[in-house]
Amino acid sequence: MTTTAPYEIETSEGDDGTPHPVEQLWMPCADDAADSGFVAHRGLHVTGIDDATEDHLYPVAFVVLGHQRWADVIEAAAAYMARVHGWRNLHLYPGDDPSVLIPRIPRAVHTHGVFLRHPHPDHGCACEWDDTWRMVWTPGTEPGAVPITALRHPAALVTAADIPNPDDGAPATWAK
């Protein structure tokens, strides 16, 4: 899911040998962000994301559109958990034992990403991925890249969230 190389849009070949995109680049905006899984909270649009294995019941990280303050991202992530999963405490997952509170507060990073929606509306493939989207981390100079603030869920293992780490040379900076 993390990349520093240019992203690549998958293609399929038509009957005449012409390649057609099977995904489309999506630029989220306030009007359609909520229809695409983002929760609006005090002007921020936040969503929970899974890692590459996609086998978690709850988000391992959060993505907020734009470059936001760290404290605002924590608040938006808590609002997402409350609305989507009915849980307000960010340091636990629903059903966890509250006496085993894990007081980890992850740092947020400012980075960029592109959103790819599958399939391209003109070239549907009727596969299991129809009408889904994925995000690919990219440098801010990539075409279609949007500013994103990302934050690991405090209850997730550090290795669970594949978020760019500025300390490892990723194209990101720590949010303040």
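Computed from a prediction, not measured in an experiment: that's the story for all the values here.

Asker: Could you give me a rundown of the pattern of salt bridges, with the residues and numbers involved?
Answerer: Oppositely charged side chains are able to pair whenever their charged atoms sit close together. In the structure shown here, the tally under the stated rule is two salt bridges. Among the salt bridges present, the one from Arg 69 reaches Asp 72, with a minimum N-O distance of 3.2 Å. Taking the relative accessible area as the measure of exposure, Asp 72 reaches 26% and is therefore partly exposed.

Asker: Report on helix α2 (residues 70–85), specifying residues and quantitative values.
Answerer: The terminal C-alpha atoms of α2 lie 22 Å apart, and with 16 residues this matches the ideal 22 Å at 1.5 Å per residue to within 8%. Restricting attention to buried positions, one finds in α2 the residues Val 73, Ala 76, Ala 77, Ala 78, Ala 79, Tyr 80 and Met 81. Those residues of α2 that are buried lie in contact with β4 (39–41), β5 (44–49), β6 (61–65) and β9 (146–152).

Asker: An account of the nonpolar core is requested, with residue identities and associated values reported.
Answerer: Judged by nonpolar contacts, the single largest core of 20 residues is most densely connected at Phe 38, Val 63, Phe 115, Met 135, Trp 137, Ile 148 and Ile 163. At the level of elements, β6, β7 (108–118), β8 (132–138) and β9 are the ones that each hand at least two residues to this core. In this structure, Leu 44, Val 46, Ala 108 and Ala 175 belong to the second largest nonpolar core, which totals 13 residues.

Asker: An account of the pairing of β5 is requested, with residue identities and associated values reported.
Answerer: Most of β5 sits inside the fold, with five of its six residues counted as buried. Inspection of the sheet shows β4 paired to β5 by three bridges, in the antiparallel sense. Along β5, the bridge assignment pairs Ala 40 with His 45. Where β4 folds back on β5, the antiparallel hairpin that results is connected by two residues, among which Arg 42 adopts a positive phi of roughly 50°. One ladder, built from four bridges, connects β5 with β6; its direction is antiparallel. Each bridged residue has a counterpart across the sheet, and for Ile 49 the counterpart in β6 is Ala 61.

Asker: Residues and numbers for the layout of surface pockets, please.
Answerer: In this structure, the second largest pocket spans a volume of roughly 270 Å³. Pro 106, Arg 107, Val 109, Arg 152, Val 158, Ala 161, Ile 163, Pro 164, Asn 165 and Trp 174 are the residues that line the second largest pocket. Tallied by class, the residues present in the lining of the second largest pocket amount to seven nonpolar, one polar and two charged.

Asker: How would you sum up the packing of aromatic side chains? Please name residues and give values.
Answerer: Under the criterion given, the structure shown has two aromatic pairs. Both rings, one in Phe 62 and one in Tyr 80, keep their centres 5.9 Å apart while their planes meet at 75°; by these two values the pair is edge-to-face. Here Phe 62 is found in strand β6, whereas its partner Tyr 80 is found in helix α2, with 18 residues between them in sequence. Each member of the pair, Phe 62 together with Tyr 80, is buried. For the cation-ring pair, Arg 107 lies above Trp 174, with the distance from its terminal atom to the ring centre recorded as 3.9 Å.

Criteria and thresholds
- Residues numbered from 1 in each chain as written.
- Predicted model: local features only at pLDDT ≥ 70, side-chain atom pairs only at ≥ 80, totals over all residues.
- Heavy atoms only, no water.
- Salt bridge = Lys/Arg side-chain N within 4 Å of Asp/Glu carboxyl O.
- Buried < 20%, exposed > 50% of the residue type's maximum accessible area, 1.4 Å probe, protein only.
- Helix = DSSP H or I, 4+ residues; strand = E, 2+ residues; numbered from the N terminus.
- Expected span 1.5 Å × (residues − 1).
- Contact = heavy atoms within 4.5 Å.
- Core = buried A, V, L, I, M, F, W, Y, C linked by side-chain atoms within 4.5 Å.
- Pairing = 2+ DSSP bridges.
- 1 Å grid on protein atoms, 1.4 Å probe; cavity = no way out; pocket = protein on both sides within 12 Å on 5 of 7 lines; lining within 4 Å.
- Points joined across faces, edges and corners; volume = space filled by probe spheres on them.
- Nonpolar A, V, L, I, M, F, W, Y, C, P; charged D, E, K, R; others polar.
- Phe/Tyr/Trp six-rings, centres within 6.5 Å; stacked < 30°, edge-to-face > 60°.
- Lys NZ or Arg CZ within 6 Å of the ring centre and 35° of its normal.

Read these as layout, nothing more, since geometry by itself doesn't imply function.
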